[in-house]
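Residue-level structural notes
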Amino acid sequence: MTHNYEEKEFFYANGIVMYRGGVKKNDFGHDIYDGKGTIFDQEGDLLFEGEFVNHMKQGNGIMYLKGQMIYQGEFIQNKKQGNGILYKDGKIFYEGQFRNDLMDGYGTLYYEEDVIAPFKELRMQNLQLHQPQYEGDFVHGMKKGKGTQYYPSGFLQYKGDFMWNDMQGAGRLYYAPEKPTAEELATGITKLQYEGYFFEDLKHGKGKVYSRQGVLEAEGQFKEDAMTGKGTLYYANGQAKYIGELVNGDKHGRGDFYNEEGKIIYSGEFIDGERLRITPEVEREIEKLQAQLDGLVGLLNAKKELHNLINLIKIQSLRVDHGLTSFPITYYLVFSGNPGTGKTTVARIIGQIYKHLGVLSSGHFVETDRAGLVAGYVGQTALKVQEVVKKATGGVLFIDEAYSLINDKQDAFGKEAIDSLLKAMEDLRDDLVIIVAGYTELMEQFLQANPGFKSRFNHFVQFDNFSTDELYDIFAMLCQQNDYRYGEPFADHMRTQLHQIPVATITNFSNGRYIRNLFEKLVTIQSNRLILQQHITRQELMEFTEIDMIQAIAEKLFDRTF
């Protein structure tokens, strides 16, 4: 390029040279810098030397501060742009690409001398450790994109994605060297510590952690540098030790624990790294719930089956304490029997017992039926089932009249509900207990017609009809719970009337519901009698009389099944 310029000097008011170099006239006849030139500050120290075009730094040049070089490279319109080198305290700080006065593009960033000083001898003896702080992509003056970062010792620290100076995105993190081996010295690479995702310099997202010996220790979800969420912990032999929920690196929540041979030792709840154990405090809570179960009237067969199941779970827990394999238990239950036999009440108690035994995380109770699971359009039923299952996860899902899920072989909606439930039972078997309930004969037909369901249930609890003596005991319990009393004449009539009920032959007898309805009707009869009195005492408000019973018999209340 041919420049039409001449050499000139310009001075500050104090007589110090401000500029020396090429100039030319602009369109207004003024002198402007153009060509090679040098700029000085008012104390005579060099500020810049290089090329100018139209009074702006353009081309190659060198910038100085207090006489010390701070940049050498390309300029466009007064800004560092293109390839260049930044200096700090006379040492190279950065070399690479620039845009709009900032590091932008591919470049290399170097450590300051005092940072690498402790490793100077190590780096001198191993030339492969002469590594910068960072080499890779920059945007707007910050590390952004793909890059490689090194420890001050020169060993590889990280390789992967960066965002605004931070490790962010996918990458691999390596251990800081302690006593490097010959191989590590030769390569400048220590063992891999972590591979996965990062956010703001912290492990965050899916990833894997390795020991200094190169053995996979854990993999799963990370949050703020610690494993939090679903994850797997490993033994040194590569066998999974634990699969489940973790919080800050500790086993916490639902999970499965294995021995080094791969046999499952425990499946259930963990708290702060330890599996939920049946401590004396937990045992007391279980005993309270068992007492509540035993306090229910009748249900001898149901109580026996449930006590057997509780004992089985406790013994499996003791086996785990001794390092023995835990027998995989199926917790799904079939409750069969007529209405009003206590199936719902028992299911609620079982949920709480399962919680304390570590089978369930919360033990809450969700009740549903066909209407709650089946939608009116194909494709919507699965979503409806998923919603109910999500609500029940961690507790008991009680499906009453489960046989109604399939009315006939052409019931596409019911089949969709069954298929969705089977998937939930497979996916959530560690933290969801499903109890199906209904009439004995219909439940047997239902399970025979659905092999998928039948194969997942191996605990069957029969709820027999209450005897007439048990019905009387339920009535007495309702009176006690609701502050009602009665004398012996009333009691004699009650027993006589109940003993006349052919419990064994009444189809679909409503059992406890029958007694509750009878109790409510007697309360109504008592209320109609008392309302006619001008003054009513506290004792009278609490008392059923023989007159109330005679009225109930006259209204044939005992002959009806409600």
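Above this text is the structure in question.
Since this is a predicted model, take the numbers as computed values, not measurements.

**Quick look at the overall build of the chain**
Check the secondary structure of the chain and you find 16 helices and 28 strands. The C-alpha radius of gyration computed for the chain amounts to 41 Å, which surpasses the reference 24 Å derived for 562 residues by more than 25%, pointing to a less compact arrangement than a globule. For the C-alpha atoms alone, the extent of the chain along its principal axes is close to 130 × 65 × 55 Å. The burial tally for the chain puts 45% of its 562 residues in the buried class. A separation of at least 24 residues holds for 43% of the contacts in the chain among residues at least 6 apart in sequence. For the chain, the exposed surface amounts to about 29900 Å²; the carbon and sulfur share of it is 51%.

**Comments concerning the packing of aromatic side chains**
Scanning the entire structure with this criterion turns up 33 aromatic pairs. A centroid spacing of 5.1 Å and a plane angle of 85° characterise the contact between Tyr71 and Phe75, whose relative ring orientation is edge-to-face. Like Phe75, Tyr71 is buried. The cationic tip of Lys251 hangs over the ring face of Tyr242; the distance from NZ or CZ to the ring centre is 5.9 Å. Its guanidinium or amino end placed over the ring of Tyr472, Arg495 lies 4.6 Å from that ring's centre, counting from NZ or CZ.

**What to know about helix H5 (residues 300-321)**
Taking 1.5 Å per residue as the helical rise, H5 with its 22 residues ought to reach 32 Å, and the 32 Å between its terminal C-alpha atoms agrees with that figure. The set of residues buried in H5 consists of Ala302, Lys303, Leu306, Leu309, Ile310, Ile313, Lys314, Gln316, Ser317 and Val320. One face of H5 carries all of its buried residues, which in axial projection span an arc of 155°. Away from its buried face, by an angle of more than 90 degrees, H5 presents the exposed residues Leu300 and Lys304. Looking at the buried residues of H5, the elements they touch are strand S20 (264-271), strand S21 (274-275), helix H4 (280-294), strand S22 (333-337), helix H6 (343-356) and strand S26 (459-463).

**Description of the environment of Glu260**
The topology assignment puts Glu260 in the loop between strand S19 (250-258) and S20. We classify Glu260 as partly exposed; its relative accessible area is 44%. C-alpha of Glu260 to C-alpha of Gln445: the two residues are 185 residues apart in sequence and 44 Å apart in space. Look past the residues within four positions of Glu260 in its chain and what remains in contact with it is Tyr235, Asn237 and Gln239.

**A closer look at the side chain of Lys143**
Tracing the chain through its elements places Lys143 in strand S11 (residues 142-150). For the buried Lys143, no salt bridge exists, and the shortest N-O distance to an oppositely charged side chain is 7.1 Å, to Asp201. Discounting chain neighbours no more than four positions away, the residues touching Lys143 are Gln133, Tyr134, Asp137, Phe138, Gln149, Phe162, Met163, Trp164 and Asn165.

**Topic: the pattern of salt bridges**
On inspection of all chains with the given rule, the structure shows 18 salt bridges. As a salt-bridge pair, Asp101 and Lys80 come within 3.4 Å of each other at their nearest N and O atoms. Of this pair, Asp101 sits in the loop between strand S8 (91-99) and strand S9 (102-109) while Lys80 sits in strand S7 (residues 79-88), placing them 21 residues apart in sequence. On the basis of relative accessibility, which here comes to 33%, the residue Asp101 falls in the partly exposed class.

**Some thoughts on the pairing of strand S1 (residues 6-11)**
Bridge count between S1 and strand S2 (residues 17-25): six bridges; the pairing is antiparallel. Bridging from a neighbouring strand, Glu6 pairs with Val23 of S2. Here S1 hands over to S2 after five residues, with Gly15 in that stretch at a positive phi of 90°.

**A word on the pairing of S9**
One face of the sheet, then the other: side chains in a regular strand alternate in exactly this way. Of all the eight residues making up S9, six are buried; the element is thus mostly covered by neighbouring parts of the structure. Looking at chain direction, S8 and S9 are connected through five bridges and run antiparallel. Across the sheet, residue Arg99 finds its bridge partner in S9, namely Leu102. Taking the residues between adjacent antiparallel strands as the criterion, S8 and S9 are bridged by two residues, where Asn100 takes a positive phi near 50°. Note: S9 against strand S10 (residues 134-139), five bridges, orientation antiparallel. Opposite Thr108, over in S10, you have Glu135 as the bridge partner.

**A short note on empty space enclosed by the protein**
One pass over the structure, following the stated rule, counts one cavity of 30 Å³ or more. Estimates place the volume of the largest cavity at around 30 Å³. The wall of the largest cavity is formed by Glu305, Leu306, Leu309, Leu333, His459, Phe460 and Val461. When residues of the lining of the largest cavity are traced back to their parent elements, those giving at least two are H5 and S26. Of the residues that constitute the lining of the largest cavity, the class distribution is five nonpolar, one polar and one charged.

**As for the packing of helix H13 (residues 488-499) against helix H14 (residues 512-530)**
At a minimum axis distance of 14 Å, the contact between H13 and H14 shows a crossing angle of 140°. When the axes of H13 and H14 are compared, the pair comes out oblique. The handedness of the crossing between H13 and H14 is right-handed. The segment H13 lies against H14, with Phe490, Met494 and Leu498 engaging Tyr514, Ile515, Leu518 and Leu522. The class makeup of the residues in the contact of H13 with H14 is seven nonpolar, no polar and no charged.

What counts, and where the lines are drawn
Residues numbered from 1 in each chain as written. Predicted model: local features only at pLDDT ≥ 70, side-chain atom pairs only at ≥ 80, totals over all residues. Heavy atoms only, no water. Helix = DSSP H or I, 4+ residues; strand = E, 2+ residues; numbered from the N terminus. Rg over C-alpha atoms; globule rule 2.2 N^0.38 Å. Buried < 20%, exposed > 50% of the residue type's maximum accessible area, 1.4 Å probe, protein only. Contact = heavy atoms within 4.5 Å. Areas by Shrake-Rupley, 256 points an atom, 1.4 Å probe, with all protein chains shown as cover. Phe/Tyr/Trp six-rings, centres within 6.5 Å; stacked < 30°, edge-to-face > 60°. Lys NZ or Arg CZ within 6 Å of the ring centre and 35° of its normal. Expected span 1.5 Å × (residues − 1). Arc of directions from axis to C-beta. Lys, Arg positive; Asp, Glu negative; His and termini not counted. Salt bridge = Lys/Arg side-chain N within 4 Å of Asp/Glu carboxyl O. Pairing = 2+ DSSP bridges. 1 Å grid on protein atoms, 1.4 Å probe; cavity = no way out; pocket = protein on both sides within 12 Å on 5 of 7 lines; lining within 4 Å. Points joined across faces, edges and corners; volume = space filled by probe spheres on them. Nonpolar A, V, L, I, M, F, W, Y, C, P; charged D, E, K, R; others polar. Axes fitted to C-alpha atoms, helices over the stretch in contact; angles between N-to-C directions. Parallel < 35°, antiparallel > 145°, perpendicular 65-115°, else oblique. Left-handed = near helix turned anticlockwise from the far one by under 90°.

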